Amino acid sequence: MKMKIAITGKGGVGKTTFAAMVSRLYAEEGYNVLSVDADPDANLALALGFPKELIDEITPISEMKNLVAERTGSTPGSFGTMFKMNPKVNDIPEKYCKQYNGVKVLTMGTVDTGGSGCVCPEHVLLKALTSHLILGNKDVIVMDMEAGIEHLGRGTAKNVDAFIVVVEPGERSLQTYRKVKQLATDIGVEKIFVVGNKVRNEEDKNFILGEVEADCCLGFIGYNPSIVESDRSNLSPYDANDKIKEEVRSISNKLKGVI
Ligand SMILES: Nc1ncnc2c1ncn2[C@@H]1O[C@H](COP(=O)(O)OP(=O)(O)OP(=O)(O)O)[C@@H](O)[C@H]1O
């Protein structure tokens, strides 16, 4: 199996938590995992369990001005200029990623977006990374996207195999799901799935299932105080307890069956 997935959803629903847990699981299963932190508000490396010293060594791509300029033939932060739209990217994971617990992480950093249609060089590079990285048979890319739907306008996750929209049992996150579904379909991504997070009981599950087509729901992760605790202690939620691992494994198995 090889795949590229983008994790998205409303702010605060648990995108980073889920992206980190599913990345750790695939690494444990022997896949080569590249986790892309495309959310300026997240710290995916922290959620993956990277030690602080290693996190300090991470330079976001947006700050590698020379790399962005070299690959896109442009000045970073510039708009409307002509630059190469298909920069070479295959060496980037090896050269610029930090690895821990078997997961490579690539941090995009903060990019001055200039609106939803922005094609600034940093986004061109990110788009190229997700579109043109050639995957081997046991390669998985997990992208933690920024909250909301703006990234869909920029198409930074255009060529992924699937979008996974994390929702919680509330109307607003389901509204985001519906918008993501519409826009992702518009850019040609047909596989859009839901993971219900922070569910406390059957009623919560049924609320989500009432709003989502049954075969789109990959499963649920319970509201778990250990996840909150691990966040507070700068540990990976994946290591919090076995119940969480079981839930993530069940979701991942269902995903493998539909990818
Ligand atoms: N299943 C869960 N049980 C309890 N707390 C959770 C669960 N999942 C996530 N959280 C907590 O919810 C908060 C938000 O999670 P996270 O940062 O993963 O969300 P996000 O969608 O990536 O947020 P943002 O939009 O800000 O990037 C964190 O404090 C996290 O520890």
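Residues numbered from 1 in each chain as written. Predicted model: local features only at pLDDT ≥ 70, side-chain atom pairs only at ≥ 80, totals over all residues. Heavy atoms only, no water.

A.B. asks: Any chance you could break down the site of the ligand for me, citing the residues and the numbers?
C.D. replies: Taken together, 19 residues are adjacent to the ligand, and K15, T16, T17, D39 and D231 come closest. Here D39 contributes a side-chain N or O atom positioned 2.6 Å from an oxygen atom of the ligand. The separation between a nitrogen atom of the ligand and a polar main-chain atom of G222 is 3.0 Å. Within the complex, 81% of the 640 Å² of free accessible area of the ligand lies under protein. Secondary-structure elements contributing two or more residues to the shell around the ligand are α1 (15-28), β7 (192-199), β8 (217-222) and α10 (225-232). Its residues assigned to classes, the shell around the ligand comprises 6 nonpolar, 8 polar and 5 charged. (Near = heavy atom within 4 Å. Polar contact = N/O pair within 3.5 Å; in protein donor to acceptor, adjacent residues only side chain to side chain. Areas by Shrake-Rupley, 256 points an atom, 1.4 Å probe, with all protein chains shown as cover. Helix = DSSP H or I, 4+ residues; strand = E, 2+ residues; numbered from the N terminus. Nonpolar A, V, L, I, M, F, W, Y, C, P; charged D, E, K, R; others polar.)

A.B. asks: Account for unusual backbone geometry, with residues named and values stated.
C.D. replies: You will see that N101, though not glycine, has its phi angle at about 50°, which is positive. By the secondary structure assignment, N101 is in the loop between β3 (98-100) and β4 (103-107).

A.B. asks: An account of the pairing of β7 is requested, with residue identities and associated values reported.
C.D. replies: Consecutive side chains of a regular strand alternate in pointing toward one face of the sheet and then the other. Burial within β7 is extensive, with 7 of its 8 residues counted as buried. Relative to β7, strand β6 (residues 162-167) is paired through 5 bridges, and the arrangement is parallel. For V166, the partnering residue across the bridge sits in β7 and is V195. Considered for its hand, the β-α-β crossover made up of β6, helix α8 (residues 171-186) and β7 is right-handed. Sheet topology note: the β7/β8 ladder contains 5 bridges and is parallel. Paired with N197 across the two strands is I221, which belongs to β8. On the question of chirality, the crossover connecting β7 to the parallel β8 by way of helix α9 (residues 202-211) is right-handed. (Buried < 20%, exposed > 50% of the residue type's maximum accessible area, 1.4 Å probe, protein only. Pairing = 2+ DSSP bridges. Right-handed = clockwise from strand over helix to strand, strands pointing away.)

A.B. asks: I'd like a description of the pattern of salt bridges, backed by residues and values.
C.D. replies: Summed over all chains, the structure comprises 18 salt bridges. The residue K245 makes a salt bridge to E28 at a minimum N-O spacing of 3.8 Å. One end of the pair, K245, is in helix α11 (residues 242-258); the other, E28, is in helix α1, with 217 residues separating them in the sequence. Take E28: its relative accessible area is 47%, and that puts it in the partly exposed class. Salt-bridge contacts for E229 lead to R232; the nearest nitrogen and oxygen are separated by 3.9 Å. Of this pair, E229 and R232 both sit in helix α10, separated by 3 residues, roughly a single helical turn. (Salt bridge = Lys/Arg side-chain N within 4 Å of Asp/Glu carboxyl O.)

A.B. asks: Could you give an account of the sheet that holds strand β5 (residues 139-145), with specific residues and numbers?
C.D. replies: Here 8 strands make up an open sheet; going across it, the order is β3-β4-β2-β5-β1-β6-β7-β8 and the pairing mixed. Sheet topology places β3 and β8 at the edges, where each strand pairs with a single neighbour. Within this sheet the neighbouring strands show an average axis-to-axis angle of 25°, counted without direction. Where strand β2 (residues 32-38) and β4 come together, 5 bridges link them in parallel fashion. The partner of L34 across the bridge, within β4, is K104. The sheet contacts of helix α6 (residues 121-132) involve β1 (3-9), β2, β4 and β5, and relative to β1 the element is tilted by about 135°. Across the sheet, α8 touches β1, β6 and β7, and the angle it forms with β6 is around 170°. (Axes fitted to C-alpha atoms, helices over the stretch in contact; angles between N-to-C directions. Contact = heavy atoms within 4.5 Å.)

A.B. asks: Explain the packing of aromatic side chains to me, using residue names and the numbers behind them.
C.D. replies: Applying the stated criterion across every chain, the model contains 2 aromatic pairs. Consider the rings of Y26 and Y31, whose centres lie 5.6 Å apart with planes at 85°: the pair is edge-to-face. Like Y31, Y26 is buried. Relative to Y100, the ring of F50 has its centre 5.8 Å away and its plane inclined at 55°; by these criteria the two rings are tilted. Within this pair, whereas F50 is found in the loop between α2 (44-47) and α3 (52-56), its partner Y100 is found in strand β3, the two being separated by 50 residues in sequence. Looking at F50, the relative accessible area reads 2%, which means it is buried. Relative accessible area serves as the criterion here: at 33%, Y100 is assigned to the partly exposed category. (Phe/Tyr/Trp six-rings, centres within 6.5 Å; stacked < 30°, edge-to-face > 60°.)

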